[in-house]
Amino acid sequence: MTLTESPEEADLIRDTATAFFDRAGGVRRARQLRDSDERYSPDVWSAMAELGWTGITAPAAYGGAGLSIAEALPVLEAMGRVLAPEPLLSTILATELIRVAGTGGQQEEWIPALSQGRTVMAVAGVHSRRSCRLRTNLQIQWDGESLVVHGEAGFVPDGGLATAIIALSADAPEGVIVPVASGGVRVISQPMIDSRDWAMIEFDHVRLPATARLEAAPEMFDAAIDRATLAGCGEMLGAMWEVYDRTLAYTKERVQFGQPIGSFQAVQHRLARLYTELLVADASVRGASEAVATDQREASALASAAKARCNAVARLVSKEGIQFHGGIGVTDECDIGLFIKRLRITQFLFGDDSWHIDRWATHRGY
């Protein structure tokens, strides 16, 4: 399927994605998957592949839609609005890494499989590159004509769903594609409050052929991770706008002192501030996505600014969402809590505040 980039087509993609995930079950499906201890729905993933979304940023030459992150945002936002747990972010990151650092043979082997949803690939070690706290000891070394991978990486998104893993070196701009079935690979589930699939991956001197290596300039790796970071920001935007919309609607229903709390001026001011902050975050993500798509000189700084802004607004929208809902907002029966948990975890995905603020400051010469 070929997707286009005109405003009309963007609206069509947004409407299609919204209707698709609503039919799939909306937030109710996320709750059902959590309660059944399932991490995602293979049927929904297959349907996403048929729509071209699993290869949404993959080159058209390899069966992908060939869209930029900016053009893919409507699908990502729709996923965030219903807390869809399908491994699209991991697929986008893996595709981008192979696209910039893979050989022609690796691209021909893996990108079509990712684009068609036939393979789920996780990326281990990305957090060590974008965190002041989460470190990994992953090492990739040569032993004759073979590569040996040793070490471990925690908090790997979709690690338990993957059939292959990209292991990123802790101290070099390189990685290696590791089939999960390789001897010496151990996947340990790490349940998190957002109910998505997380895992620790251990590599015990895993031996691989030289053809498994990914290598590129450091800025190429960073650019690929930036694109995945902004894709994650797209999901965050969807979740944050959904919390705002639900909270606004609830303030019109919740009655205190004989009238809806939404009629109180203090509440209106707080909602207005929240709306403004969301608009700024929204604009930051869209501006950074356009900059990354067109390889602008300050793209990396703008990507970090967008992620830091989303993290800050996520905290604000979470706090206000709970406070305006009152006691029910912290109960499991209220869907707001599910969004708060997802947003809490995504604040650390692809880089926390400290890392991105420091990176932005460095770009600005501070």
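None of the values given here were measured: they were computed from a predicted structure.

1. Regarding the overall build of the protein chain
Helix and strand content of the protein chain: 12 helices and 10 strands. Rg of the C-alpha trace for the protein chain: 21 Å, near the compact-globule value of 21 Å for 366 residues, within the 12% margin. Here the C-alpha coordinates of the protein chain stretch approximately 80 × 50 × 40 Å along the principal axes. Counting all 366 residues of the protein chain, 55% fall into the buried class.

2. Section: the pairing of strand E7 (residues 198–209)
Sheet faces and side chains relate simply in a regular strand, where the side chains alternate between the two faces. Pairing between strand E3 (residues 146–157) and E7: nine bridges, direction antiparallel. Its bridge partner lying in E7, Glu152 is registered against Glu202. Where strand E6 (residues 185–189) and E7 come together, five bridges link them in antiparallel fashion. The residue bridging Arg186 from the neighbouring strand is Glu202, located in E7.

3. Quick notes on the sheet that holds strand E2 (residues 139–143)
Within a sheet, adjacent strands bond to each other through the backbone by hydrogen bonds, running parallel or antiparallel. The antiparallel open sheet is built from four strands, whose spatial order is E2-E3-E7-E6. Since the sheet does not close on itself, it has two edges, and those belong to E2 and E6, each with one partner. Taking the axes of each pair of neighbouring strands and ignoring which way they run, one obtains an average angle of 5° across the sheet.

4. Observations concerning the layout of surface pockets
Its volume calculated, the largest pocket comes out at about 510 Å³. Residue assignment for the lining of the largest pocket shows that the elements contributing at least two residues are helix H5 (88–101), helix H8 (218–251), helix H9 (265–293), helix H10 (299–325) and helix H12 (353–363).

5. Considerations on unusual backbone geometry
One non-glycine residue, Asp158, lies in positive phi territory at about 65°. Among the structural elements, Asp158 can be located in the loop between E3 and strand E4 (164–168). The phi dihedral of Asp295 is positive, around 55°, even though this residue is not glycine. As for its placement among the helices and strands, Asp295 is situated in the loop between H9 and H10.

6. Observations regarding the nonpolar core
If you look at the biggest cluster of nonpolar residues, it comprises 111 residues, and the most contacted ones within it are Val149, Ile166, Phe203 and Met240. Element by element, the count of residues in this core is highest for H8, at 14 residues. Aside from chain neighbours lying at most four places away, what touches Phe203 is Ala124, Leu138, Val149, His150, Gly151, Ile165, Ala167, Val178, Gly184 and Val185.

7. Focus: empty space enclosed by the protein
Under the criterion given, the structure shown has one cavity of 30 Å³ or more. There is about 90 Å³ of room inside the largest cavity. Taken together, Leu89, Ser90, Pro157, Asp158, Asp194, Arg196, Asp197, Trp198, Ile345, Thr346, Leu349 and Phe350 form the lining of the largest cavity. Listing elements by their share of the lining of the largest cavity, those giving two or more residues are H5 and helix H11 (336–346). Tallied by class, residues from the lining of the largest cavity come to six nonpolar, two polar and four charged.

8. Here we look at the packing of aromatic side chains
Taken as a whole and judged by the stated rule, the model has seven aromatic pairs. Aromatic pair Phe20 and Phe21: ring centres 5.0 Å apart, planes at 85°, arrangement edge-to-face. Given the relative accessible area of 1%, Phe21 is considered buried. Arranged with centres 6.1 Å apart and planes meeting at 25°, the rings of Trp360 and Tyr366 form a pair that is stacked. Through a chain of ring-to-ring contacts, the aromatic side chains of Phe20, Phe21 and Trp53 assemble into a single cluster.

9. Considerations on the confidence of the model for the protein chain
Confidence along the protein chain averages 93 in pLDDT terms, with 98% of residues attaining 70 or more. Highest mean pLDDT in the protein chain belongs to H5 (98); lowest belongs to helix H7 (residues 126–129) (82).

10. Notes on the pattern of salt bridges
Evaluation of the coordinates by the stated rule reveals 29 salt bridges. With a shortest N-O distance of 3.3 Å, Glu215 and Arg213 are connected by a salt bridge. Measuring nitrogen to oxygen at the nearest pair gives 3.5 Å for the salt bridge that ties Arg246 to Asp335. Here Arg246 is found in helix H8, whereas its partner Asp335 is found in the loop between H10 and H11, with 89 residues between them in sequence. Relative accessible area serves as the criterion here: at 27%, Arg246 is assigned to the partly exposed category. By relative accessible area, which is 21% here, Asp335 ends up partly exposed. Each of Arg31, Arg34, Asp35, Arg81, Glu242, Asp245, Arg246, Asp332 and Asp335 takes part in one network of salt bridges that share partners.

11. What to know about the packing of H10 against H12
Direction vectors running N to C along H10 and H12 enclose 145°, while the axes themselves pass 8 Å from each other. In this structure, H10 meets H12 at a crossing whose hand is left-handed. Mapping the contact onto sequence places Ser300, Ala301, Ser304, Ala305, Lys307, Ala308, Asn311, Ala312 and Arg315 in H10 and Asp353, Trp355, His356, Ile357, Arg359, Trp360 and His363 in H12.

Basis of the calculations
Residues numbered from 1 in each chain as written. Predicted model: local features only at pLDDT ≥ 70, side-chain atom pairs only at ≥ 80, totals over all residues. Heavy atoms only, no water. Helix = DSSP H or I, 4+ residues; strand = E, 2+ residues; numbered from the N terminus. Rg over C-alpha atoms; globule rule 2.2 N^0.38 Å. Buried < 20%, exposed > 50% of the residue type's maximum accessible area, 1.4 Å probe, protein only. Pairing = 2+ DSSP bridges. Axes fitted to C-alpha atoms, helices over the stretch in contact; angles between N-to-C directions. 1 Å grid on protein atoms, 1.4 Å probe; cavity = no way out; pocket = protein on both sides within 12 Å on 5 of 7 lines; lining within 4 Å. Points joined across faces, edges and corners; volume = space filled by probe spheres on them. Core = buried A, V, L, I, M, F, W, Y, C linked by side-chain atoms within 4.5 Å. Contact = heavy atoms within 4.5 Å. Nonpolar A, V, L, I, M, F, W, Y, C, P; charged D, E, K, R; others polar. Phe/Tyr/Trp six-rings, centres within 6.5 Å; stacked < 30°, edge-to-face > 60°. pLDDT = per-residue confidence, 0-100. Salt bridge = Lys/Arg side-chain N within 4 Å of Asp/Glu carboxyl O. Left-handed = near helix turned anticlockwise from the far one by under 90°.

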